Amino acid sequence: MTADPSISSTQKQPWKLAFVFCFLVLLCDGADIGILAFTLSSLKLEFALTNVQAGALGSWSLFGMAIGGFFGGWACDRFGRVRVIVLATGMFSILSGFSGLVQSYEQFVTLRVIACLGLGSLYIATNTLMSEMVPTKHRTTVLAALMTGFTLGSLVITSVSAWIIPSYGWRTLYLLTFLPILLAVSMYFLVPEPQSWKDARALKLSGALDTLKKAENPYKAIMENPKHRIMFILWSMSSGLLLFGYFGVSNWLPSYLETELGIKFKEMALYMAGTYLTMMFAKVVAGFMADKIGRKIVFAFGTMGTALFIPILVYMHTPENIGWLMITFGFLYGIPYAINATYLTESFPTAIRGTAIGGAFNIGRLGSVIAPVAIGYMAMHNSIGAGLLLMAGAYFLCGLIPTLFIKEKQYDPQQA
């Protein structure tokens, strides 16, 4: 048979169109998560908040994202990957937009938590969708490139906030978040569900997948199978350690540079921007290398390399080398998130993949809530640098668990 030349590249390879939409969705996700940090001072002034109330907004956001991730993973298996992305994007877009119209702290908290249910679903849903659409030989490269969308969102909100808040106020920034609803509507009509999910769904409904037929609760199906249960526990532990380290470092590193290293705010912001850009580059390189030499070795290099480099950053910095140290740290820091999604999604079969990775990843997200508090406690009794060393330990254990116990490429996400 001769290929029809009128068929476009995206029709022959639908993952390319799906990638564009998922990249833009994660860009919006990263921007919306970062929006709270840039509007926190304005919210404190607007609603006369105490520091405890203001800090609680971050905790409520993480809580909403964790719950959203649990239900989002289950919904991916039940209703489809694309449908969950569309619904979650629409949810956070509308509710974040209306957050710009609230008249009280309580109203803002309520809308923020519900919006974060959608935000928390998107990491699971987008990575599951792309893992099932992209050929195995390119999977980690593509998923790593996908993760740069989240980092780019952080850079975008940094630039947009500096322009909008001084001139138009914090409410205008939230009103702009109505725009991703257009992305959700377009994706609903243009991106199909992956064929492997359709096949697995058909097998389940026909009764061919006996384990899942007997156990209507997918978490029960995971726990009843010894292999799936072990993988779920190991990935829950590794994800918890990864997110504990990530959120601890990301919340406190700017303060560490500014307060303990004495770097001026503008210079600190420049260093952080350079770190984000290096992270984006590192994710693409790491994804390419993981497809060439394996997921496990690159993941271990990134996690353990980050763990070993944090003490260098804390004890060996000087005014002359801090810029180069931050660039090197950003490169190592970006690697684990580039590999985690592929390594994790290939550890579970299609029928329970969304539930398994949603559960494992968000158990970790719940655990990560205490990381910023842990560094804060260390800072009160010692220093922020001492708290960062605690994060180094978390990163090392995060890499050690998969290295010793988790085989890569256990399942092909393109097979039912």
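Residues numbered from 1 in each chain as written. Predicted model: local features only at pLDDT ≥ 70, side-chain atom pairs only at ≥ 80, totals over all residues. Heavy atoms only, no water.

- Within an unreviewed UniProt entry, the label attached to the protein reads MFS transporter, and the organism entered is Psychrobacter proteolyticus.
- The UniProt entry for the protein carries the following text under Subcellular location (unreviewed entry): "Membrane". (UniProt positions renumbered as here; feature names shortened; annotations may be inferred.)

## As for the side chain of Glu 346
- Within the secondary structure, Glu 346 sits in the loop between helix H15 (322-345) and helix H16 (350-368).
- You can call Glu 346 buried: its relative accessible area is 1%.
- Within the local environment of Glu 346, its side chain forms a polar contact with the side chain of Arg 295, the two groups lying 2.8 Å apart.
- Those residues in contact with Glu 346 that lie beyond four places of it in its chain are Arg 139, Arg 295, Lys 409, Gln 410, Tyr 411 and Pro 413. (Helix = DSSP H or I, 4+ residues; strand = E, 2+ residues; numbered from the N terminus. Buried < 20%, exposed > 50% of the residue type's maximum accessible area, 1.4 Å probe, protein only. Polar contact = N/O pair within 3.5 Å; in protein donor to acceptor, adjacent residues only side chain to side chain. Contact = heavy atoms within 4.5 Å.)

## What to know about the confidence of the model for the protein
- Averaged over all residues, the pLDDT of the protein is 86; the fraction at 70 or higher stands at 92%.
- pLDDT under 50 marks residues 1-10. Its contacts with residues more than four places away, or in other chains, come to 6 contacts. (pLDDT = per-residue confidence, 0-100.)

## What about a nonpolar patch on the surface?
- Taken together, Ile 94, Phe 98, Leu 101 and Leu 175 make up a surface patch of nonpolar side chains, about 330 Å² in accessible area.
- Along the chain, Phe 98 turns up in helix H4 (residues 81-98).
- Judged by its relative accessible area of 40%, Phe 98 falls in the partly exposed class. (Patch = residues over 30% accessible without salt bridge, like charges linked within 9 Å, V, L, I, M, F, W, Y side chains within 5 Å. Areas by Shrake-Rupley, 256 points an atom, 1.4 Å probe, with all protein chains shown as cover. Salt bridge = Lys/Arg side-chain N within 4 Å of Asp/Glu carboxyl O.)

## Concerning the pattern of salt bridges
- For the structure shown, the criterion picks out 10 salt bridges.
- In this structure, Arg 171 engages Glu 46 in a salt bridge whose closest nitrogen and oxygen atoms are separated by 3.1 Å. A residue pair is termed long-range when its members are at least 10 positions apart, and Arg 171 in helix H7 (residues 170-175) and Glu 46 in helix H2 (residues 15-47) qualify at 125 residues.
- Between Asp 291 and Arg 295 there is a salt bridge; the shortest N-O distance is 3.0 Å. The exposure classification of Asp 291 matches that of Arg 295, with both residues buried.
- Through salt bridges with shared partners, a single network forms among Arg 139, Asp 291, Arg 295, Glu 346 and Asp 412.

## A few points about helix H8 (residues 180-190)
- For H8, every residue scored as buried is listed here: Pro 180, Leu 183, Ala 184 and Met 187. Here the buried residues of H8 occupy an arc of 100 degrees about the axis, which is enough to place them on one side. Within H8, the exposed residues directed more than 90 degrees away from the buried face are Leu 182 and Phe 189.
- Residues of H8 that are buried sit in contact with H2, H4 and helix H5 (105-133). (Arc of directions from axis to C-beta.)

## Looking at the packing of aromatic side chains
- Following the criterion strictly, the structure yields 21 aromatic pairs and no others.
- Centre to centre, the rings of Trp 163 and Tyr 168 are 6.2 Å apart; their planes meet at 80 degrees, and the pair counts as edge-to-face.
- Relative accessible area serves as the criterion here: at 53%, Trp 163 is assigned to the exposed category.
- Each residue in the set Tyr 123, Tyr 246, Phe 329, Tyr 333, Tyr 337, Phe 361 and Tyr 395 is aromatic and connected to the rest through ring pairs, giving one cluster. (Phe/Tyr/Trp six-rings, centres within 6.5 Å; stacked < 30°, edge-to-face > 60°.)

## Let's talk about the packing of H2 against H5
- Remark: H2 packs on H5, axes separated minimally by 10 Å, with the N-to-C direction vectors making an angle of 160 degrees. With respect to H5, the element H2 is oriented roughly antiparallel. Considering the relative orientation of H2 and H5, their crossing is left-handed.
- When its residues are assigned to classes, the contact of H2 with H5 shows 19 nonpolar, 1 polar and 3 charged. (Axes fitted to C-alpha atoms, helices over the stretch in contact; angles between N-to-C directions. Parallel < 35°, antiparallel > 145°, perpendicular 65-115°, else oblique. Left-handed = near helix turned anticlockwise from the far one by under 90°. Nonpolar A, V, L, I, M, F, W, Y, C, P; charged D, E, K, R; others polar.)

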